[in-house]
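Observations on the three-dimensional arrangement
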Amino acid sequence: MKLLYEGKAKKIYETDNPNEVICEFKDSLTAFNGEKADKEEGKGALNCAITTIIFEALQKEGIPTHLIKQIDETKQLVKKVEIIPIEVVVRNIAAGSLSRRLGLKEGKKLPFTIVEFYYKNDDLNDPLINDDHAMILNLVEKREELDKLREYGLKINDFLVKFFDKIGLILVDFKVEFGKDKDGNIILADEITPDSCRLWDKKTGKKMDKDLFRFDLGDIKEAYTEILNRLKG
Ligand code: C5P
């Protein structure tokens, strides 16, 4: 398989079909724009399985995703897309950079769900941007595409808040990425995993996501395995 791209968490390989690629989830763990890095054997498989379950559920809800099917423990066959270099972050509860930036106490429920855009650019440290910034950087062609990203972000949130609540988890916030398929449709790509979400246990308040690694708070493999087991029911 010819490697087309390797990022911090994934490898993308070519297939015989020009409209499809293989996405492999790596075991690597990075935080703070790669400043902190480690490896956790089996994490790729956990995140691949978690993303497959969530993307299949979202697909059924009418949210288009790049997922075609999972092909082995760590790999998915996906539609080839051109990734829109915007990280769409949706927040229900204050935490992380929102708490730091605005001085909001971690855990404070926000009066309404907020959506933020970050420019996906390692050299610039993924800065927070607004619609005007996205337009002058040509990150999308039309402003309506930014509205679409917000609309999908909120729709995904509505679904996932309930989805995780049913398995005893609070969805604090998450990041999603979108791409354009060969016909120019905007579809959900990348992953939805405990690496890209903040998930707190409803009963104990315990963190069950990448903050465990970011701040050395506990074993991520145990937490991610617990999430996968709950998702499987
Ligand atoms: O760090 P911050 O509070 O802005 O992160 C918001 C959410 O987006 C968190 O769930 C975090 O895991 C996710 N995120 C991500 N990748 C990034 C930045 C944030 O998955 N590069």
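In this text the structure is predicted, and so the values were computed from the model without any measurement.

Criteria and thresholds
- Residues numbered from 1 in each chain as written.
- Predicted model: local features only at pLDDT ≥ 70, side-chain atom pairs only at ≥ 80, totals over all residues.
- Heavy atoms only, no water.
- 1 Å grid on protein atoms, 1.4 Å probe; cavity = no way out; pocket = protein on both sides within 12 Å on 5 of 7 lines; lining within 4 Å.
- Points joined across faces, edges and corners; volume = space filled by probe spheres on them.
- Nonpolar A, V, L, I, M, F, W, Y, C, P; charged D, E, K, R; others polar.
- Near = heavy atom within 4 Å.
- Polar contact = N/O pair within 3.5 Å; in protein donor to acceptor, adjacent residues only side chain to side chain.
- Areas by Shrake-Rupley, 256 points an atom, 1.4 Å probe, with all protein chains shown as cover.
- Helix = DSSP H or I, 4+ residues; strand = E, 2+ residues; numbered from the N terminus.
- Phe/Tyr/Trp six-rings, centres within 6.5 Å; stacked < 30°, edge-to-face > 60°.
- Buried < 20%, exposed > 50% of the residue type's maximum accessible area, 1.4 Å probe, protein only.
- Lys NZ or Arg CZ within 6 Å of the ring centre and 35° of its normal.
- Core = buried A, V, L, I, M, F, W, Y, C linked by side-chain atoms within 4.5 Å.
- Domains from an automatic or database assignment.
- UniProt positions renumbered as here; feature names shortened; annotations may be inferred.

Some words on the layout of surface pockets
The computed volume of the second largest pocket comes to approximately 200 Å³. Contributing to the lining of the second largest pocket are 13 residues, with Lys206, Lys207, Met208, Glu222 and Ala223 lying nearest its centre. Class assignment for the residues of the lining of the second largest pocket results in four nonpolar, two polar and seven charged.

Focus on the site of the ligand
Lining the immediate environment of the ligand, one finds 16 residues, of which Arg91, Ser97, Asp173, Arg198 and Arg214 sit closest. The side chain of Arg91 places a nitrogen or oxygen atom 2.8 Å from an oxygen atom of the ligand. Between an oxygen atom of the ligand and a side-chain N or O atom of Ser97, the distance comes to 2.5 Å. If the ligand stood free it would expose 450 Å²; the protein chains cover 82% of that surface. Counting residues per element, the ones that place at least two in the shell around the ligand are β9 (86-93), α2 (96-102), β12 (169-180) and β14 (197-201).

Details of the packing of aromatic side chains
For the structure on display, the rule yields four aromatic pairs. Consider the rings of Phe163 and Phe164, whose centres lie 6.1 Å apart with planes at 70°: the pair is edge-to-face. Residue class for Phe164 comes out buried when judged on its relative accessible area of 1%. Over the ring of Phe25 we find Lys10, and its NZ or CZ is 5.6 Å from the ring centre. One residue, Lys36, lies across the ring of Phe213, its end atom 4.9 Å from the ring centre.

What to know about the nonpolar core
Core analysis: the biggest nonpolar cluster contains 56 residues, and Ile86, Leu149, Ile156, Leu160, Phe164, Phe178 and Ile192 have the highest contact counts within it. Counting the residues that make up this core, at least three belong to each of domain 1 (3-79) and domain 2 (83-220).

Overview of the UniProt feature "domain: SAICAR synthetase/ADE2 N-terminal" (unreviewed entry) in the protein chain
Here, the residues flagged by UniProt with the feature "domain: SAICAR synthetase/ADE2 N-terminal" (unreviewed entry) are residues 3-230. With 30% helix and 34% strand, residues 3-230 has end C-alpha atoms that lie 33 Å from one another.

Some words on unusual backbone geometry
Excluding glycine, most residues fall at negative phi; most peptide bonds, likewise, are trans. In this structure, Asn33 takes a positive phi of about 55° despite not being glycine. Along the chain, the position of Asn33 falls in the loop between β4 (28-31) and β5 (36-39). A relative accessible area of 30% places Asn33 in the partly exposed class. Positive phi values are uncommon outside glycine, yet Asp216 reaches one of about 50°. The exposed category is assigned to Asp216, whose relative accessible area is 63%.

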